[in-house]
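# A structural walkthrough
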Amino acid sequence: MTDKNSGTNDALVPATFGVIAGGMLAVIAYFPLVALLQNAFDVPELTATPKKYRGDTEPISPWYWVTWLVPVLIAIPAGWALSRWRRVRVFALAATVTIVLGAAAVAAVVISFEINGFAPD
């Protein structure tokens, strides 16, 4: 007699570890990678002054946006390549989805602070 839930239970552990690993990479490694890329490409830093107190400022460099995209654009094909192996497929897919969603959340928060400013009023 076979257990119908064994496939689900077998996938739960690697999926859980994939979510944990992807979340840790998104929170711990994503922003330092972006900062490293911004330093490597000499992307000008944005001012921390709130938007309402700024005068006319330079437009944001296109490299600023590229540095936020590059780590995610590397993680997606890497996750897809890892998912080709059956043993790590569930782990790789869960980790990739979590990295992309976590990186989007981190990017949204940090970009919002950098563009709108975060100095006290």
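Notes on the structure follow. (Residues numbered from 1 in each chain as written. Predicted model: local features only at pLDDT ≥ 70, side-chain atom pairs only at ≥ 80, totals over all residues. Heavy atoms only, no water.)

## Let's talk about the overall build of the protein chain
- Broken down by element type, the protein chain carries 3 helices and 0 strands.
- The order of helices and strands in the protein chain, counted from the N terminus, is α-α-α.
- By residue count, 25% of the 121 residues in the protein chain fall in the buried class.
- Considering only residue pairs separated by 6 or more positions, the protein chain has 83% of its internal contacts joining residues 24 or more positions apart.
- For the protein chain, the exposed area adds up to about 8700 Å²; of that, 68% sits on carbon and sulfur atoms. (Helix = DSSP H or I, 4+ residues; strand = E, 2+ residues; numbered from the N terminus. Buried < 20%, exposed > 50% of the residue type's maximum accessible area, 1.4 Å probe, protein only. Contact = heavy atoms within 4.5 Å. Areas by Shrake-Rupley, 256 points an atom, 1.4 Å probe, with all protein chains shown as cover.)

## Overview of the environment of Leu82
- Of note, Leu82 is situated in helix 2 (residues 62-82).
- Separated by 11 residues in the primary sequence, Leu82 and Leu93 have C-alpha atoms spaced 8.3 Å apart.
- If sequence neighbours within four positions are ignored, Leu82 has contacts with Val88 and Ala92.

## Some thoughts on the layout of surface pockets
- In this structure, the largest pocket spans a volume of roughly 340 Å³.
- Residue lining of the largest pocket: 20 residues in total, with Leu25, Pro71, Ile74, Ala75 and Ile99 positioned closest to the centre.
- Mapped by element, the contributors of at least two residues to the lining of the largest pocket are helix 1 (6-40), helix 2 and helix 3 (89-116).
- Per element, the largest residue contribution to the lining of the largest pocket is 8 residues, and it comes from helix 1.
- Classifying every residue of the lining of the largest pocket gives 18 nonpolar, 2 polar and no charged. (1 Å grid on protein atoms, 1.4 Å probe; cavity = no way out; pocket = protein on both sides within 12 Å on 5 of 7 lines; lining within 4 Å. Points joined across faces, edges and corners; volume = space filled by probe spheres on them. Nonpolar A, V, L, I, M, F, W, Y, C, P; charged D, E, K, R; others polar.)

## So, the environment of Val13
- Take Val13: it is sitting in helix 1.
- Residue classification places Val13 among the partly exposed positions, given a relative accessible area of 47%.
- Along the chain, Val13 and Phe91 lie 78 residues apart, while their C-alpha atoms are 8.5 Å from each other.

## Comments concerning unusual backbone geometry
- At Asp42, a position not held by glycine, the phi torsion is positive, near 50 degrees.
- Assignment of secondary structure puts Asp42 in the loop between helix 1 and helix 2.

## Section: the packing of aromatic side chains
- One pass over the full model with this rule turns up 5 aromatic pairs.
- Here the aromatic rings of Phe31 and Trp68 are separated by 6.0 Å at their centres, their planes lie at 35 degrees, and the arrangement is tilted. Remark: Trp68 occurs in helix 2 and Phe31 occurs in helix 1; sequence separation between them is 37 residues.
- An angle of 65 degrees between the planes, with centres 6.3 Å apart, marks the rings of Tyr64 and Trp68 as edge-to-face. Placement of both Tyr64 and Trp68 in helix 2 is noted, with a separation of 4 residues, approximately one turn of the helix. In terms of burial, Tyr64 and Trp68 fall into one category: buried. (Phe/Tyr/Trp six-rings, centres within 6.5 Å; stacked < 30°, edge-to-face > 60°.)

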